[in-house]
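Here is what each chain is made of, one letter per residue.
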Amino acid sequence: MSHSMMMILGGLILLTIMVSLQKGGRAAGAMRFIPIWLVISVVNMLVGVLYAGYSWNEEFRVLLMVFGIPAAIAFVVARVVRR
């Protein structure tokens, strides 16, 4: 399994945990996940650029995927749960 897929899976697991354990409501857990996941995703990008030798351009495209997929799912969960 590629590192990107593991990161996306990790994001989905974190989202599930945050939605399940949130006391203020599941929608709040999903929305709180997004900034936390953004920080984790940016750190992952920086590790790829600074230590793994990838270019900023390559890693930015990976960042969009690694952050975007779990964040989009979190946004949908937050919208669906509110209704």
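Calculation criteria
- Residues numbered from 1 in each chain as written.
- Predicted model: local features only at pLDDT ≥ 70, side-chain atom pairs only at ≥ 80, totals over all residues.
- Heavy atoms only, no water.
- Helix = DSSP H or I, 4+ residues; strand = E, 2+ residues; numbered from the N terminus.
- Buried < 20%, exposed > 50% of the residue type's maximum accessible area, 1.4 Å probe, protein only.
- Lys, Arg positive; Asp, Glu negative; His and termini not counted.
- Salt bridge = Lys/Arg side-chain N within 4 Å of Asp/Glu carboxyl O.
- Contact = heavy atoms within 4.5 Å.
- Patch = residues over 30% accessible without salt bridge, like charges linked within 9 Å, V, L, I, M, F, W, Y side chains within 5 Å.
- Areas by Shrake-Rupley, 256 points an atom, 1.4 Å probe, with all protein chains shown as cover.
- Expected span 1.5 Å × (residues − 1).
- Arc of directions from axis to C-beta.
- Axes fitted to C-alpha atoms, helices over the stretch in contact; angles between N-to-C directions.
- Parallel < 35°, antiparallel > 145°, perpendicular 65-115°, else oblique.
- Left-handed = near helix turned anticlockwise from the far one by under 90°.
- Nonpolar A, V, L, I, M, F, W, Y, C, P; charged D, E, K, R; others polar.

A. Region of the structure containing the side chain of E59. For E59, the location among the structural elements is in helix α3 (residues 56–82). Notably, E59 is buried but unbridged: the nearest opposite-charge side chain belongs to R61, and the N-O separation is 9.6 Å. Filtering out sequence-adjacent residues up to four positions away, E59 remains in contact with N44, M45, G48, V49 and Y54.

B. Highlighting a nonpolar patch on the surface. On the surface, M1, M5, M6, L9, I13, I17 and L21 cluster together into a nonpolar patch covering about 750 Å² of accessible area. Mapped onto the elements of the fold, M6 is located in helix α1 (residues 3–21). With a relative accessible area of 44%, M6 lands in the partly exposed category.

C. α1, seen in detail. Over its 19 residues, α1 extends 27 Å from the first C-alpha to the last, a length consistent with the 27 Å expected when each residue adds 1.5 Å. Restricting attention to buried positions, one finds in α1 the residues S4, M7, I8, G11, L15, M18 and V19. One face of α1 carries all of its buried residues, which in axial projection span an arc of 105°. Along α1, the residues that are exposed and aim more than 90 degrees away from the buried face are S20 and L21.

D. The arrangement of the packing of α1 against helix α2 (residues 26–50) in detail. At a closest axis distance of 8 Å, the pairing of α1 and α2 adopts a crossing angle of 150°. The pairing of α1 with α2 is recorded here as roughly antiparallel in orientation. Crossing geometry of α1 relative to α2 is assigned as right-handed. Contacts from H3, M7, G10, G11, L14, L15, M18 and V19 in α1 reach R26, G29, A30, R32, F33, I36, W37, I40 and N44 in α2. Of the residues in the contact of α1 with α2, the class split is 10 nonpolar, five polar and two charged.

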